[in-house]
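# Breakdown of the fold
Here is what each chain is made of, one letter per residue.
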Amino acid sequence: MTITIHDLRKLPGSYMPGSAACPGCGATLAFRLVSRALGPNTVYIVPACCFSVIQAPYPKSAISAPLYNIAFAAAAATASGVYRAYKTVNKDVNVVVWAGDGGTVDIGIQALSGAAERKEDIIYVCYDNEAYMNTGIQRSGATPLKAWTKTTPAGKREMPKDMPMILAAHRVPYVATASVGYPFDLVNKFEKAKNIRGFKYIHILSPCPPGWDFPVEKTAEVGKLAVDTYFWPLYEIEDGKLRITVKPRKRPLKEFIRLQGRFRTITDEEIDELEKIVMEKWQFLEHLEKSERVF
Ligand SMILES: Cc1ncc(C[n+]2csc(CCOP(=O)(O)OP(=O)(O)O)c2C)c(N)n1
Ligand code: SF4
Ligand SMILES: [Mg+2]
């Protein structure tokens, strides 16, 4: 089934109003969409991140679904145990890790890799705001080249890890990228993932107004431009076969970069260099799309 705007309005989500999230939070928007696509038969496992604050403090707890808050490094291992416990009592439940990029590409990578290798029947979601935001904007392994954070005051010097491809190399049944700027692409990937058995990994670009330094009303625009400038390609890898799911609208990378204060130190020449890297990756994805299998 393909979810349309009419379906989305009717689907009950698990996000309640009056939360502690910042205005314009892309991660929150992502959660609203995902919880609608997955439905009420879902349990979330959340390591330390902005969502621990959004979900936890009474009386502002924002999530109405069952949720287990767990130590930073342990989310994928916990989800494995929770899924097996439900299975023991014959309950079929979507068990979902909802983790930030720090909790995924850095401290949580060991448990994540283990769960993927064991092909645990869970959905692991990385909502990627490209830094450690909850502790005040420090760089992570997902922070892009040249981005300002409090620990990269002159701009980050390294490229981010390509986490979806790292997971694809585990040969799990489903890997996908998503962006809050393309909500129907996002919800339909979850609609598909919940019906696939085995390990599923979905990596959502989630713009963060205070961390990326852009006006709060521009979250969807930033998420859309990330895709349309080729900065954040949207694809899925199902049983090893890659498919690009959204064709970018061919906007110059500069439009995405200059909307955000975190790239304040980048020069026009450096944007051109970054655009070259981004386009090389795009061409590689087009090449992979023509291949039988990615791995
Ligand atoms: C072992 C451990 N180290 C450090 C922390 C402090 N801490 C809490 S949330 C967080 C940042 C998480 O970053 P990310 O996973 O990207 O999620 P975000 O805050 O960006 O939503 C850190 C460092 C912790 N809770 N546990
Ligand atoms: S810091 Fe960013 S990710 Fe965290 S709640 Fe605020 S907008 Fe959302
Ligand atoms: Mg983060």
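Scroll up a little and you will see the structure.
Residues numbered from 1 in each chain as written. Chains lettered and ligands numbered in written order. Predicted model: local features only at pLDDT ≥ 70, side-chain atom pairs only at ≥ 80, totals over all residues.

## Remarks on the overall build of the protein chain
Assigned secondary structure in the protein chain consists of 12 helices and 8 strands. Taking 2.2 N^0.38 as the reference for a compact globule, 295 residues should give roughly 19 Å; the C-alpha atoms of the protein chain span a radius of gyration of 18 Å, in line with that estimate. With respect to the three principal axes, the spread of C-alpha positions in the protein chain is 60 × 50 × 40 Å. Here the protein chain holds 295 residues, and 48% of them are scored as buried. Taking contacts inside the protein chain between residues at least 6 apart in sequence as the whole, the part at least 24 apart equals 69%. (Helix = DSSP H or I, 4+ residues; strand = E, 2+ residues; numbered from the N terminus. Rg over C-alpha atoms; globule rule 2.2 N^0.38 Å. Buried ≥ 20, exposed ≤ 12 C-beta atoms within 10 Å, placed from the backbone. Contact = placed C-beta atoms within 7 Å.)

## Looking at the site of ligand 1
Around ligand 1, 14 residues are found, and the nearest of them are Cys49, Cys50, Gly100, Gly102 and Asn134. Of the residues that constitute the shell around ligand 1, the class distribution is 6 nonpolar, 7 polar and 1 charged. (Near = placed C-beta within 6 Å. Nonpolar A, V, L, I, M, F, W, Y, C, P; charged D, E, K, R; others polar.)

## Digging into the pairing of strand E7 (residues 235-238)
Here strand E5 (residues 174-179) pairs with E7 via 3 bridges, running antiparallel. Paired with Tyr174 across the bridge in E7 is Glu238. In this structure, E7 lies alongside strand E8 (residues 241-244), joined through 4 bridges in antiparallel fashion. The residue bridging Glu238 from the neighbouring strand is Lys241, located in E8. In this antiparallel pair of consecutive strands, E7 and E8, the connection spans 2 residues, and Asp239 shows a positive phi of 50°. (Pairing = 2+ DSSP bridges.)

## Notes on unusual backbone geometry
Leaving glycine out, the prevailing phi sign among residues is negative, and the prevailing peptide bond configuration is trans. Omega for the bond connecting Tyr58 with Pro59 falls within 30 degrees of zero, at 5°, which places this linkage in the cis form. With respect to the helices, strands and loops of the structure, Pro59 is situated in the loop between helix H3 (50-55) and strand E2 (67-70). The residue Asp213 is not glycine, and still its phi comes out positive at about 60°. Mapped onto the elements, Asp213 comes out in the loop between helix H9 (209-212) and helix H10 (219-228). Judged by C-beta crowding, with 15 C-beta atoms within 10 Å, Asp213 ranks as partly exposed. Even without a glycine there, the phi angle at Asp239 is positive, about 50°. The topology assignment puts Asp239 in the loop between E7 and E8.

Keep in mind these values describe shape, not function.
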